Structures are given as structure tokens and as C-alpha cells.
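Residues per chain are reported as follows:
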Amino acid sequence: MKKRGRKSKKPEEKRDEYDPCSILPLELKTEILLKLLPKSIARLGFVSNHWSSIIRGQDFTNLYMSRSLAQPRLLFSVYRPNMQMQFFHSCSQEDPSSDHRRVSYTLSSDLRYWFSPPMGGLIFGRKGTKAIIGNPSTGQFVSLPRVKTQRKDIFSIFGYDPVNDLYKVLCMTVITKRGSQAFKWEDPMWEEPMSEEHQVFTLGPKQKWRMLECHYLHRHHSGSQGICRDGVLYYLASFKDKRSLMTFDLSSEDFNVAKLPEDYTLQQFGYLVNYSGKIAIVTQAYSGPMDLWVLEDASKEEWSKVAAVIPSITDIVGNDQIVIFSGILPTGEIILALLPTPKPPFFFLCYDPKEKNARKVVIEGIGEDSAAVNVFFDHVESHMVLSKVS
């Protein structure tokens, strides 16, 4: 009789067999992993099945995310047109002068992505109909299918659905309902441009853009970014000739609309911000006062005006810079970003509304000439490895 040959082991099985770390207690392995940078953890997940099972397991993922949520970071998206490179720089949100990290991502020629605020450690970028989702902590990015539209005016929001543990992107386009010439508000034969082609993409393999039906005829404000909170996307829009707050539930994929306070400055100049975990609208008419309207109860459409900030910062930034609200630090200080991006070294301002003074926070290593910098608030690091979408 012929002897059966032994089945050769796969390379990953051999690595598991000779892995000296396999004898270590799980608690010690977890402590070791928690001391590594996200990029190193992601790479270690490919070393062996043993490490992969720990790193991609739900217990370690929950533990790592809990720690990251307790240590939020500031994230800077930096574009250098002369190098055709986009890179991300992060630092401690509690102490912006410490714990600096940088991840580069090389782009194709003359292609600059516009990024939405990060969610759950991931970030979404779009340039025209091209779209990507990536992990700025590991430097891994995957391309999404092109947005299904021939229109150029595309509005997109990125969010996380905690009910189903899914990341989704909402995209909308605008068309003019009547006429073939340039749009004129005073012409009664023209209708206001309205949002059309509402569509959503769910992050995952073999996924596609899906068209949605919206029963609220509205026009999104493309100049205002959207915000995701507790599985709901929020964005400003015109609805029945009034500026309103639109919502999109990522779980049910239903649209809704909420009224805004009857305040002229809010109606004309307000834009959405994250105010200590709440949806808020900051208003600033040119160089006037900066007011914050906070949504206390979305179901009852209750708003409160919690702050009126008048920063005396001309002596720090001069008269040629515009400051925009970017978030709140745990200290209660308000982050103010500058437009255009200040010359090297890059800096932003932290304004204390109680003491009524501002301090300059310099971030080394990102403020080279011609660089364009965006500041994001409450970024959490993630070791997640993304699968190819298509």
C-alpha cells in the first residue's frame, strides 16, 4: 500500500508554529499592542493568523477604540501642490504641542481631494466624481466607484451608522429646474436650483452607489460642510424659501427637516460645527460678533444661544486673515483656524471665552510655502484595515 504523503503546511501556519510570542498570556499581548502605533498594529495583523485573530477580534477592537475615544486628536489635512502630495498630521488635542504623527499619501498629478470631517477613525475625500475612503492613522486608502452623475455640483457627507456598524457616504447634486441660460434670482420664470440624485454608498466589498428618494424638495448649501452625530447626518439647506436643517438617518436612510431660529445673522451667515458633541451653528457676519446656536433637542427643535464671542486677535493675526470656528478643546477653549493658511510656521488660535484672550498654537512640520491646511476636531485613531471596494 502507498503511504499517504503529509500535507504541507501553509506559510502562515508555519509562522504560527514558530511564533515565540504564542506562549505569552493574552493580557500581556494586548498590553504590547496598545503601546504600538496604529500603522504598526495594522501591519502586525498580517504576520500570522494568531496575531490577526487578536488584532481583528471584537474584544481588542472595542478596547482600542475606547482608549482612542478617551484621547481625541487634532487632525490636519495638508496639500502641497508643488509635490502633488496630500498628507495627514495629527497631535494630541489636550496638548497640541505634543505627540505629533504624520502619514503621507501620494496623489495622482494635480488631483486634490476635499475631505469631510473624520468619523470613527476613517476619512472620506472627493474630487469631482472620484472618491476615496482612508485611515489617516495607517495611511491606507481605497478608491470608491465614481459617483453616478454628470453634474459638477456635488455635495457629500460622510458618516457612521452605529446601529448596523457601517460607514456610509451621502451624495447629492444640484440642477436648475427651468431655462437654459444663466440663473437669475429676479426672473420669475426661474425656479430655485434643487438637490437631485440623492444617493448613498455603504463601505464594503462589491458595494455600489444606490439612488434614494427624498420627499423634501430642498437645495443643499454646498459651501457648508455636513456633520454626523449618533448615526444621523446634518446639513444646511433651503426648504420652502427658508434656511433649514436637513437630517438623514443612516440606519433607516430617511430624510427629515428641522426649523432654524428666526435670527437674521444665522439665516445669512451660519454654518454647522461640532460644539462639545452637540450640533451647533456658528454665526459671524464679516468681522462682527461670533454667536453659537446649540441644538439642545432635535425632536422638539429646541435651540439655545450659549455664547457670544468677540475675539481680540488682530494683534496676533493682523487684518488680512479670516478666522473660522473649528471646535472646542476639553479646556473650554475655542479653536479658530485661519484663512488663508498662514505662512510657515503653521499655527491656529485657541480662544478662552472666559478670560477673553487668545493664544497661538504652532504646529511644526506642516507649514511649508504654498501648502493648504484643513483642521479637523475630535479625530480618533484606528488600526482598521480596509478591504478593497471593487
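Residues numbered from 1 in each chain as written. Predicted model: local features only at pLDDT ≥ 70, side-chain atom pairs only at ≥ 80, totals over all residues. Heavy atoms only, no water.

Explain the environment of L44 here, please?
Looking at the element boundaries, L44 is found in helix 3 (residues 38-44). The sequence separation of L44 and I55 amounts to eleven residues, and the corresponding C-alpha distance is 8.2 Å. The residues contacting L44, other than those within four sequence positions of it, are L33, L36, W51 and I55. (Helix = DSSP H or I, 4+ residues; strand = E, 2+ residues; numbered from the N terminus. Contact = heavy atoms within 4.5 Å.)

What should I look at first to understand unusual backbone geometry in this one?
Not every positive phi belongs to a glycine, and D165 is a case in point at roughly 55 degrees. Here D165 is to be found in the loop between strand 8 (154-161) and strand 9 (166-175). Phi angles above zero are rare outside glycine, and E253 is one such case at about 60 degrees. Topologically, E253 is positioned in the loop between strand 15 (242-249) and strand 16 (255-259).

When you look at the nonpolar core in this model, what are you seeing that I'm missing?
Generally speaking, soluble globular proteins have nonpolar side chains that are buried together. Counting 34 residues, the largest nonpolar core has F76, F325, F346, F348, I363 and I366 as the members making the most contacts within it. Ranked by the residues each element gives to this core, the list is headed by strand 23 (residues 346-352), at six residues. With sequence-adjacent residues up to four places away left out, F325 is seen in contact with Y271, V273, N274, Y275, V282, M290, L292, I334, I335 and L336. Counting 33 residues, the second-largest nonpolar core is a separate cluster that includes L122, F155, M172 and M246. (Core = buried A, V, L, I, M, F, W, Y, C linked by side-chain atoms within 4.5 Å. Buried < 20%, exposed > 50% of the residue type's maximum accessible area, 1.4 Å probe, protein only.)

What is the right way to read the confidence of the model for the chain from this model?
The predicted coordinates ought not to be read in detail in places where the model reports low pLDDT. Averaged over all residues, the pLDDT of the chain is 81; the fraction at 70 or higher stands at 81%. Confidence, read as mean pLDDT per element, is least for helix 1 (residues 11-17) in the chain (54) and greatest for strand 11 (residues 210-211) (94). Here residues 177-191 scores under 50 on pLDDT; set against residues more than four positions off or in separate chains, the count is 21 contacts. (pLDDT = per-residue confidence, 0-100.)

When you look at the pattern of salt bridges in this model, what are you seeing that I'm missing?
Close approach of charged atoms allows side chains of opposite charge to pair. All chains considered together, the criterion is met by eleven salt bridges. The closest approach of N and O atoms between E253 and R210, which form a salt bridge, is 2.7 Å. A residue pair is termed long-range when its members are at least 10 positions apart, and E253 in the loop between strand 15 and strand 16 and R210 in strand 11 qualify at 43 residues. The exposure class assigned to R210 is partly exposed, which follows from its relative accessible area of 32%. The residue K242 makes a salt bridge to E262 at a minimum N-O spacing of 2.6 Å. Remark: E262 occurs in the loop between strand 16 and helix 6 (264-269) and K242 occurs in strand 15; sequence separation between them is 20 residues. Classification of K242 by relative accessible area gives partly exposed; the value is 39%. Judged by relative accessible area, which is 64%, E262 ranks as exposed. Several salt bridges converge on common partners, so that one network encompasses R73, D99, R101 and E381. (Salt bridge = Lys/Arg side-chain N within 4 Å of Asp/Glu carboxyl O.)

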